[in-house]
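Per-entry structural report
Residues per chain are reported as follows:
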Amino acid sequence: MSRNDDFGSPPPELKLTEDWPGLNPEAQFYVDHNAVRTAARDLRKELTFLKGDTPSGGVSAAQTGTGTANDVQVVANVGGAQTGTWETADYFGRNVAKGYEVLYGRYTQLIDRIEKMSTALEKVVGNTDKGETASGA
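Below: a short report on this structure. (Residues numbered from 1 in each chain as written. Predicted model: local features only at pLDDT ≥ 70, side-chain atom pairs only at ≥ 80, totals over all residues. Heavy atoms only, no water.)

Turning our eyes to something else, we now look at helix α1 (residues 33-51). Compared with an ideal rise of 1.5 Å per residue, which puts 19 residues at 27 Å, α1 spans 27 Å between its outermost C-alpha atoms and is within 8% of the ideal. Along α1, the residues classified as buried are His33, Val36, Ala40 and Leu47. Projection of α1 onto a plane perpendicular to its axis shows the buried side chains occupying an angular sector of 60 degrees, all on one side. Exposed positions of α1 whose direction lies more than 90 degrees from the buried face are Asn34, Lys45 and Phe49. Of the surrounding elements, those touching the buried residues of α1 are α4 (87-135). Here α1 starts with a cap whose side-chain oxygen sits 3.1 Å from the backbone nitrogen of Asn34, and that cap is Asp32. (Helix = DSSP H or I, 4+ residues; strand = E, 2+ residues; numbered from the N terminus. Expected span 1.5 Å × (residues − 1). Buried < 20%, exposed > 50% of the residue type's maximum accessible area, 1.4 Å probe, protein only. Arc of directions from axis to C-beta. Contact = heavy atoms within 4.5 Å. Polar contact = N/O pair within 3.5 Å; in protein donor to acceptor, adjacent residues only side chain to side chain.)

Structure representation (structure tokens):
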């Protein structure tokens, strides 16, 4: 993976342990399709809170918010206008603004990827169900 200039460094590569379930072709395992569907639906339900709107009164930097993407956008979006115009404050504001850019970008990217993953899980289970039905399994 290469560096992504918009959102900082890429995540580290993950390595599966040798005894990871499902890697052994002789192993027997069972996947409860309904449990997978429920987990995917629950993930999407929880994501609605992360994608939720900022409360109608808004939030300020003194408030913690609820952790929604909109809260991050409002509370963490600090720059030179908020820190001051003198040289040190201006540089600090620029650094904070870049940090916000990366944080907000990664946060919304994470929410989007979890949503896509939950949708993909449901499709995989649905396709497996169709395949089992078609094969008489």
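This next bit is on the side chain of Ser118. For Ser118, the location among the structural elements is in helix α4. Looking at Ser118, the relative accessible area reads 0%, which means it is buried. Excluding residues within four positions of it along the chain, Ser118 makes contact with Ala40, Leu43 and Arg44.

In this section: the packing of aromatic side chains. Counted according to the given criterion, the structure contains one aromatic pair. Ring geometry for Tyr100 against Tyr104: centres 5.7 Å apart, planes inclined by 15 degrees, an arrangement best described as stacked. Highlighted residues: Tyr100 and Tyr104, both in helix α4, separated by four residues, approximately one helical turn. This pair shows no difference in class: Tyr100 is buried, exactly as Tyr104 is. (Phe/Tyr/Trp six-rings, centres within 6.5 Å; stacked < 30°, edge-to-face > 60°.)

Our focus in this paragraph is the pattern of salt bridges. Across all of its chains, the model carries six salt bridges by this definition. Taking the shortest distance from any N to any O, the salt bridge between Glu122 and Arg44 comes out at 2.4 Å. Within this pair, whereas Glu122 is found in helix α4, its partner Arg44 is found in helix α1, the two being separated by 78 residues in sequence. Owing to a relative accessible area of 22%, Glu122 belongs among the partly exposed residues under this scheme. (Salt bridge = Lys/Arg side-chain N within 4 Å of Asp/Glu carboxyl O.)

With that out of the way, let us pick up the packing of α1 against α4. Running from N to C, α1 and α4 cross one another at 160 degrees; their axes reach a closest spacing of 9 Å. Compared by their axis directions, α1 and α4 come out roughly antiparallel. Relative to α4, α1 is oriented so that their crossing is left-handed. Classifying every residue of the contact of α1 with α4 gives eleven nonpolar, five polar and eight charged. (Axes fitted to C-alpha atoms, helices over the stretch in contact; angles between N-to-C directions. Parallel < 35°, antiparallel > 145°, perpendicular 65-115°, else oblique. Left-handed = near helix turned anticlockwise from the far one by under 90°. Nonpolar A, V, L, I, M, F, W, Y, C, P; charged D, E, K, R; others polar.)

Take a nonpolar patch on the surface next. Where nonpolar side chains cluster on the molecular surface, the patch consists of Leu16, Trp20 and Leu23 and spans about 340 Å² of accessible area. By the element assignment, Leu23 lies in the segment before α1. We classify Leu23 as partly exposed; its relative accessible area is 49%. (Patch = residues over 30% accessible without salt bridge, like charges linked within 9 Å, V, L, I, M, F, W, Y side chains within 5 Å. Areas by Shrake-Rupley, 256 points an atom, 1.4 Å probe, with all protein chains shown as cover.)

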